[in-house]
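Chain by chain, the residues:
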Amino acid sequence: MKLINTVDAEGTVLCHDITQIIKGVTKDAVFRKGHVVTKEDIPVLLSVGKDQLYVWEKEKGILHENDAAEILCQLCINEHMDRSQAKEGKIELTAACDGLLKVDNRGMKAVNGFGQMMIASRHGNFPVKKGDKLAGTRIIPLVIEEEKMEAARQAAMAATEGNSILKLMPFQHKKVGIVTTGNEVFYGRIKDTFTPVIEDKMAEFDTEIIGHDTWNDDDKKVTASILSMIQKGADVVVCTGGMSVDPDDKTPLAIKNTGARIVSYGAPVLPGAMFLLAYYEVKDGDRPRTVAIMGLPGCVMYAKRTIFDLVLPRVMADDEVTAEDLASLGQGGLCLGCPVCTFPNCGFGKGY
């Protein structure tokens, strides 16, 4: 850094905070370290007694914190995101639409492992609203070696195979079919209290319910009903009831007999262990599509949050869920049933 006269400081970068003290009014930094001095700033600086300033002296191979922050921003930003201006080595990213946030932890760890720089984000695989903060990037020192930033960039690109660290997948409009099973509901012995829960969950997204069938414990009828929903244009089919291992619980068999690809019957999540996820491929000429079929365990009917809340946002964003994805939910997969539910602002569904 070098010492210069304040009147000559336009365009230079401050190396330290400049504090303004007005008795009974303020005692705070009027300009922060890293601030680029403008012509309008000079009278203010003189008014707080700064006739001379320590400013950053540009050196070859050395980047100012704001310039380095731009590199981190470019590693993270993708479609459907807005960004802030660089300030004090920090840039924030926000959602430009409702959607599902995806985070490539490999790329994030590659950057954060270098030190003197950081990326922090909210947890991936959870829904966000337009305007929500997604992530912040920061350069820790005022200046940093250009060579180090390039090494971090290359490491991140290698870890993500050239993709951005963050991705925001907009939610899609979905047509939904509901298939309710169970002799007790079909014969009117009890009231169907499951379907209203599904309708409420679906109402959180851009969906339309195109059909609702209720059947007894006859797997052939349930299979036919699922296929009928798909033929009518359903993008998602939700089956309720009959998901345990009792002999008369035949919903898993009914889903299997549609010819759908079973991802998993069972998930390491409580509530929600008896969850089934499958995908059915529709060959519709030049417009093939994939239909998600979910068999929901009874806990979805009465528990505040379950496996359904972890998988549904991904289905709504066309983010295919794999068996490995479900297996990874074990750590963080235990809902604590708090008296006041704060989900998703809690640990449920947030593994390592």
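In the block above lies the structure referred to throughout.
Here the structure is a predicted model, which means the values were calculated and not measured. (Residues numbered from 1 in each chain as written. Predicted model: local features only at pLDDT ≥ 70, side-chain atom pairs only at ≥ 80, totals over all residues. Heavy atoms only, no water.)

### Overview of the overall build of the protein
As a reminder of what qualifies: Helix and strand definitions follow DSSP, with helices as H or I runs of at least four residues and strands as E runs of at least two, each counted in order from the N terminus. Atoms counted for the radius of gyration: C-alpha only. Globule rule: 2.2 Å times residue count to the power 0.38. Remark: exposure states derive from per-residue accessible area (1.4 Å probe, protein chains only) relative to the maximum for the residue type, with buried under 20%, exposed over 50%, and partly exposed in between. The contact rule is simple, with two residues in contact once any of their heavy atoms fall within 4.5 Å. The method behind every accessible area is Shrake-Rupley, applied with a 1.4 Å probe, and residues are considered shielded solely by the protein chains displayed. Here Asp and Glu are counted as negative and Lys and Arg as positive; His is not counted, and neither are the chain ends. Every charge is mapped onto a representative atom, which is NZ of Lys, CZ of Arg, CG of Asp or CD of Glu.
For the protein, the count of helices and strands is 11 helices and 19 strands. Its C-alpha atoms give the protein a radius of gyration of 27 Å, clearly above 20 Å, the size a compact globule of 352 residues would have. By residue count, 44% of the 352 residues in the protein fall in the buried class. Partitioning the contacts of the protein with sequence separation of at least 6, the portion at a separation of at least 24 is 66%. If you sum the accessible surface of the protein, you get close to 18100 Å²; carbon and sulfur atoms cover 51% of it. Charged side chains of the protein number 41 positive and 48 negative; the gap between the two group centres comes to 2 Å.

### Considering the environment of V111
Tracing the backbone shows V111 in helix α3 (residues 105-112). The exposure class of V111 is buried, given its relative accessible area of 0%. For the pair V111 and G266, spaced 155 residues apart in sequence, the C-alpha to C-alpha distance is 35 Å. For V111, the residues in contact, after removing those within four places along its chain, are L72, L75, M117, I119, A152, A156 and I165.

### Concerning the sheet that holds strand β7 (residues 90-95)
Under the convention used in this document: Any two strands with at least two DSSP bridges between them are considered paired. All axes are obtained by fitting lines to C-alpha atoms, using only the stretch in contact for helices, and the reported angles, taken between N-to-C directions, cover 0 to 180 degrees.
In spatial order, the strands read β6-β7-β11-β9; together these 4 strands make up an open sheet with antiparallel pairing. The two strands at the open ends of the sheet, each matched to only one other strand, are β6 (81-83) and β9 (117-121). Going across the sheet, the axis of each strand differs from the next one's by a mean of 15 degrees, ignoring polarity.

### Quick notes on the pairing of strand β19 (residues 289-296)
A large share of β19 lies buried, amounting to 6 of its 8 residues. With 5 bridges joining them, strand β16 (residues 236-240) and β19 adopt parallel strand pairing. Residue pairing for β19: V236 is matched across the bridge by A292. Pairing of strand β18 (residues 276-282) with β19 involves 7 bridges; the strand directions are antiparallel.

### What about the nonpolar core?
Heads up, the condition is: Residues belong to a common nonpolar core when they are buried Ala, Val, Leu, Ile, Met, Phe, Trp, Tyr or Cys residues joined through side-chain atoms within 4.5 Å.
Judged by nonpolar contacts, the single largest core of 33 residues is most densely connected at I198, M202, M294 and L296. Within the residue set of this core, elements represented by two or more residues are β14 (174-181), α6 (195-202), β16, β18, β19, α9 (299-302) and α10 (307-316). Among the elements that line this core, the one with the most residues is α10, at 7 residues. Core analysis: the second largest hydrophobic core is formed by 29 residues, L63, A69, V128 and I165 among them.

### Notes on the packing of α6 against α10
Rules: Any angle that is under 35 degrees is reported as roughly parallel, and any over 145 degrees as roughly antiparallel; angles of 65 to 115 degrees are reported as roughly perpendicular and all others as oblique. Handedness of a crossing follows from how the near helix is turned relative to the far one, being left-handed for an anticlockwise turn of less than a right angle and right-handed for a clockwise one. Throughout, the ten residues Ala, Val, Leu, Ile, Met, Phe, Trp, Tyr, Cys and Pro are labelled nonpolar, Asp, Glu, Lys and Arg are labelled charged, and all others, Gly among them, are labelled polar.
Between α6 and α10, the shortest axis-to-axis distance is 11 Å and the interhelical angle comes to 50 degrees. Between α6 and α10, the angle falls in the class oblique. Pair α6 / α10 crosses with right-handed handedness. In contact with I198, K201 and M202 of α6, α10 contributes F308, D309, L312 and M316. Of the residues in the contact of α6 with α10, the class split is 5 nonpolar, no polar and 2 charged.

### Here we look at a nonpolar patch on the surface
Threshold: To count toward a patch, a residue needs a relative accessible area over 30% and no salt bridge; like charges are then connected within 9 Å, while nonpolar side chains (Val, Leu, Ile, Met, Phe, Trp, Tyr) are connected within 5 Å. We count a salt bridge whenever a side-chain nitrogen from Lys or Arg sits within 4 Å of a carboxyl oxygen from Asp or Glu.
A cluster of nonpolar side chains, V245, I262, Y265 and M274, forms an exposed patch at the surface whose accessible area comes to about 350 Å². Along the polypeptide, Y265 turns up in strand β17 (residues 261-265). In this structure Y265 comes out as partly exposed when scored by relative accessible area, which is 36%.

### So, the pairing of strand β4 (residues 52-55)
Burial along β4 is one-sided: the residues L53 and V55 are buried and none of Q52 and Y54 is. Here 4 bridges tie strand β1 (residues 2-5) to β4, and the two strands are oriented antiparallel to one another. Bridging from a neighbouring strand, I4 pairs with L53 of β4.

### What to know about the pattern of salt bridges
Scanning the model with the defined rule gives 17 salt bridges in all. Here D309 ties to K201 by a salt bridge, and the two come within 2.8 Å at their closest N and O atoms. Taken together, the residues D309 in helix α10 and K201 in helix α6 connect sequence positions 108 residues apart. For the pair D309 and K201, one class covers both residues: buried. Within the structure, one salt-bridge network assembled from shared partners comprises K102, R314, D319 and D325.

### With respect to the environment of V291
Looking at the secondary structure, you find V291 in strand β19. Considering only alpha carbons, one finds V291 and A278, 13 residues apart in sequence, at a separation of 8.4 Å. With residues up to four places along the chain from it excluded, the contact list for V291 reads I230, A234, D235, V236, V237, A278, Y279, Y280 and V282.

### A closer look at the packing of aromatic side chains
What counts is decided by this rule: A pair of Phe, Tyr and Trp rings is counted when the ring centres sit within 6.5 Å of each other, with Trp represented by its six-membered ring. The angle between the planes then sorts it: under 30 degrees is stacked, over 60 is edge-to-face, the rest tilted. Comment: the charge-over-ring label is applied if NZ (Lys) or CZ (Arg) is within 6 Å of the ring centre and within 35 degrees of the ring normal.
Scanning the entire structure with this criterion turns up 5 aromatic pairs. With a centroid separation of 5.9 Å and 55 degrees between ring planes, the pair formed by F126 and F343 is classed as tilted. Taken together, the residues F126 in strand β10 (residues 126-128) and F343 in the segment after α11 (323-327) connect sequence positions 217 residues apart. Taking relative accessible area as the criterion, F126 reaches 8% and is therefore assigned buried. Among the aromatic residues, those joined into a cluster by ring pairs are F126, F343 and F348. Over the aromatic face of F126 sits the side chain of K350, whose NZ or CZ is 4.2 Å from the ring centroid.

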